[in-house]
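Survey of secondary and tertiary structure
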Amino acid sequence: MREGAGEENRERPGARARRSARAVLAAVAETYTELPWPEQEDGEPDDGPLGWRGYGAARRSAAERTGESESVVCAVADIGGVPVVALCFEFGFLGGSIGRRTGDLIEAAHRHARAVRLPVVTFVATGGSRMQEGLLALSQLQRVARQSALTRAAGLPQLAVLRDPTTGGGWATLGAGADMVVALPGAQVAFAGSRVRPPDADPAAYTAEAQFAAGHVDAVVPARELPAALALRLRLLTSPRATAPVPPPDALGTTDPSRTGWDAVTRARAPGRPRADAYLDAYFTVRAEISGDRCGGRDPGMSCGFGLHDGHTVAFAAQRGTATRPAGYRTAARLIRLADRLGFPVLTLVDTPGAANDAEAERAGAGAAIADLFAAVASARVPLTTLVIGEGGSGGALALAAPGNTWATPDSYFSVIAPELAAAILKRPPSAARATADELGVRPQDLVDLGVLRGVVAARGRGPAPEG
């Protein structure tokens, strides 16, 4: 069975060869066993439900060329020691198009995954719905979406690997609908296929890299790194779940208490203070991030994903010291809801001067994004733990905080508003910011006394301070 050579390869001079479905499975899985085909209804005309002239001959030719009977291969595979149900598209079979029989196979695969409680990994390479079957083919997208929704409701993770191309309904259901999405470099990823775009469209806008930049893809991973990348993500999403709130990380910076409110503010703003990456590295043995809000935005100032702590998977959302943008809040809400559905506890790290307040942030829905994160935190059924590691600026920080289970490091502060802004609102001179910080009660120990924080964490080996 020869690799790659799909319809589009033969029609586009210079198009790069594509791996066959089975070559992709062999490259990422230690072993795989094809799932049995579901029973097929008898009596369909050779040229399909529309009687499309030559359709039967085209399918036979595609089968002879690829060695496959349909555009998707479904199997139980072992990826990095984790058993999964794998759906791998064969682009050489009529451009990986989705027809009624493709829908039969995908539905049967999802049913099997739910029956045996396995994650689903889909390797997408499709130009969309099979036009020779008309609206019957298009309606398979509803079928696919329903199966994905049922698998999601069953608490099973779904991963998608976007190959070249991932367009049309394949992107809009199997790709974009997955919990975690990785893409191969340079892959076409778009709802609009290459032949139906405006003639003046910028090709770069329809790539995996563009979709990553716009917050629709979690990572762009070279093919040689794909087996390890999938193995890590599957390991994290299938590791044991802690049933109690996870402990907050140990303090990494200055551990002596702040003398004044302004001292707390100054220490939290110090350039050399440990940031989120240092805390995540110390807390987790391994971790993998999700990226983007799936609404067209990414915020490099918000880090979200899953990591292993003491052998258990913990979800995390961490501010990285910048003003958090709407995309950051939406990404954190997405992470918390995913963790809640899969049953993983959540750790959040608060470190922001506040929500971004420029005109662009307002146009992007800052208020709505913060409200959505408040709602995600409030409705989560899994336990949440929060550690304030730096600045805790107003509602932009509070949105990420766990009610009743928020801790702080000694070199942090949490305030209803920045002292400088409070002084300005009170019509005080700028020099009054120092005294205002004391009045606001921003020191961690002040907030413990108020009952807002549970405690101040100590350095490694000393454990958290006693509760307020």
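Quantities reported herein were computed from a predicted structural model and do not represent experimental measurements.

1. Some words on the packing of aromatic side chains
- Scanning the entire structure with this criterion turns up three aromatic pairs.
- An aromatic cluster is defined as three or more aromatic residues linked by ring pairs; in this entry it consists of Tyr283, Phe284 and Phe316.
- The lysine or arginine in question, Arg18, covers the ring of Phe91, its NZ or CZ lying 4.4 Å from the ring centre.

2. Side note on the packing of helix H12 (residues 326-342) against helix H14 (residues 366-379)
- Orientation of H12 relative to H14, taken along the N-to-C sense of each, is 20°, at an axis distance of 8 Å. It follows that H12 is roughly parallel to H14 by the angle criterion. Crossing hand, H12 versus H14: left-handed. Across the interface between the two elements, Pro326, Tyr329, Arg330, Ala332, Ala333, Ile336, Arg337 and Asp340 of H12 pack against Ala366, Ala369, Ile370, Asp372, Leu373, Ala375, Ala376, Val377 and Ser379 of H14.

3. As for a nonpolar patch on the surface
- Side chains of Leu50, Trp52 and Met131 sit close together on the surface and give an oily, nonpolar patch of about 350 Å² of accessible area.
- Here Met131 lies in the loop between strand E4 (120-126) and helix H5 (134-138).

4. Quick word on the pairing of strand E2 (residues 72-79)
- Most of E2 sits out of view: six of its eight residues are buried.
- With eight bridges connecting them, E2 and strand E3 (residues 82-89) associate as antiparallel partners. Residue pairing for E3: Val73 is matched across the bridge by Cys88.
- Linking E2 back to E3 in an antiparallel pair, the connection comprises two residues, with Gly80 at a positive phi of about 60°.

5. Notes on the nonpolar core
- Core analysis: the biggest nonpolar cluster contains 65 residues, and Ile79, Phe123, Leu230, Phe306, Leu335 and Leu373 have the highest contact counts within it.
- Element by element, the count of residues in this core is highest for H12, at eight residues.
- By size, the runner-up hydrophobic cluster in this structure holds 29 residues, among which are Leu35, Val72, Ala109 and Val181.

What counts, and where the lines are drawn
- Residues numbered from 1 in each chain as written.
- Predicted model: local features only at pLDDT ≥ 70, side-chain atom pairs only at ≥ 80, totals over all residues.
- Heavy atoms only, no water.
- Phe/Tyr/Trp six-rings, centres within 6.5 Å; stacked < 30°, edge-to-face > 60°.
- Lys NZ or Arg CZ within 6 Å of the ring centre and 35° of its normal.
- Axes fitted to C-alpha atoms, helices over the stretch in contact; angles between N-to-C directions.
- Helix = DSSP H or I, 4+ residues; strand = E, 2+ residues; numbered from the N terminus.
- Parallel < 35°, antiparallel > 145°, perpendicular 65-115°, else oblique.
- Left-handed = near helix turned anticlockwise from the far one by under 90°.
- Contact = heavy atoms within 4.5 Å.
- Patch = residues over 30% accessible without salt bridge, like charges linked within 9 Å, V, L, I, M, F, W, Y side chains within 5 Å.
- Areas by Shrake-Rupley, 256 points an atom, 1.4 Å probe, with all protein chains shown as cover.
- Salt bridge = Lys/Arg side-chain N within 4 Å of Asp/Glu carboxyl O.
- Buried < 20%, exposed > 50% of the residue type's maximum accessible area, 1.4 Å probe, protein only.
- Pairing = 2+ DSSP bridges.
- Core = buried A, V, L, I, M, F, W, Y, C linked by side-chain atoms within 4.5 Å.

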